[in-house]
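Examining the three-dimensional arrangement
These are the residues of each chain, in order.
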Amino acid sequence: RSRYTQARKCAAELLLSLVEKMGVTKLAGTPRTERLAQVAGKLAQDRHQDTRHYGQEMVKMLLNNQKFKKLLEQSLSKHDL
């Protein structure tokens, strides 16, 4: 939610590395699954190019899991997916 692009970029980069390290299937079983899907969707739509890139990479990874796919479809429009 920060208005500073560098803070959003850093958060997106760290979150992407967390998703890569932990794996999508392991994250799908956590209580914060819905929140992660919402945040990834928002980061994928960010106005800063680097932040948007990290968010889009995260969304691509999350779409491979059925639970995350359903959550992303609820929180994002078809055009954004």
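Just so we're clear, the structure is a prediction, and the values are computed from it rather than from any experiment.

Next up on the list: helix H1 (residues 5–22). For H1, spanning 18 residues, the distance from its first C-alpha to its last is 26 Å, which sits close to the expected 26 Å at 1.5 Å a residue. Those residues of H1 that sit buried are Arg 8, Ala 12, Leu 15, Leu 16 and Val 19. Along the long axis of H1, the arc covered by the buried residues comes to 105°, so they all point the same way. Within H1, the exposed residues directed more than 90 degrees away from the buried face are Gln 6, Leu 14 and Lys 21. Of the surrounding elements, those touching the buried residues of H1 are helix H2 (24–28), helix H3 (33–44) and helix H4 (49–62).

Moving on, we come to the packing of H1 against H4. Here H1 crosses H4 at 25°, and the two axes come no closer than 8 Å. One element, H1, and the other, H4, form an angle in the roughly parallel class. Classified by chirality, the crossing of H4 by H1 is left-handed. Facing H1, whose interface residues are Thr 5, Arg 8, Lys 9, Ala 12, Glu 13, Leu 15, Leu 16, Val 19 and Glu 20, H4 presents Asp 50, Thr 51, Tyr 54, Glu 57, Met 58, Met 61 and Leu 62. When the residues that make up the contact of H1 with H4 are grouped by side-chain class, the tally is eight nonpolar, two polar and six charged.

Grouped together as the largest cluster of nonpolar side chains are 20 residues, with contacts concentrated most on Val 19, Leu 36, Met 58, Leu 62, Phe 68 and Leu 72. Listing elements by their share of this core, those giving two or more residues are H1, H2, H3, H4 and helix H5 (66–75). Of all the elements, H3 adds the most residues to this core, at five residues. Discounting residues that sit within four places of it in the chain, Leu 62 has contacts with Val 19, Val 24, Leu 36, Ala 40, Phe 68, Lys 69 and Leu 72.

Taken as a whole, this structure holds two salt bridges when the rule is applied. Lys 60 is the partner of Glu 57 in a salt bridge, and the nearest nitrogen-oxygen pair spans 3.5 Å. Remark: Lys 60 and Glu 57 occur in helix H4; sequence separation between them is three residues, near one turn of the helix. The exposure class assigned to Glu 57 is partly exposed, which follows from its relative accessible area of 29%.

An ideal rise of 1.5 Å per residue puts 20 Å on 14 residues; H4 measures up with 20 Å between its terminal C-alpha atoms. When H4 is considered as a whole, its buried residues turn out to be Thr 51, Tyr 54, Gly 55, Met 58, Val 59 and Leu 62. Across the axial projection of H4, the buried residues extend over an arc of 140°, all falling on one side. Relative to its buried face, H4 has exposed residues pointing more than 90 degrees away, namely Gln 49 and Lys 60.

About the thresholds
Residues numbered from 1 in each chain as written. Predicted model: local features only at pLDDT ≥ 70, side-chain atom pairs only at ≥ 80, totals over all residues. Heavy atoms only, no water. Helix = DSSP H or I, 4+ residues; strand = E, 2+ residues; numbered from the N terminus. Expected span 1.5 Å × (residues − 1). Buried < 20%, exposed > 50% of the residue type's maximum accessible area, 1.4 Å probe, protein only. Arc of directions from axis to C-beta. Contact = heavy atoms within 4.5 Å. Axes fitted to C-alpha atoms, helices over the stretch in contact; angles between N-to-C directions. Parallel < 35°, antiparallel > 145°, perpendicular 65-115°, else oblique. Left-handed = near helix turned anticlockwise from the far one by under 90°. Nonpolar A, V, L, I, M, F, W, Y, C, P; charged D, E, K, R; others polar. Core = buried A, V, L, I, M, F, W, Y, C linked by side-chain atoms within 4.5 Å. Salt bridge = Lys/Arg side-chain N within 4 Å of Asp/Glu carboxyl O.

These figures capture arrangement, not role.
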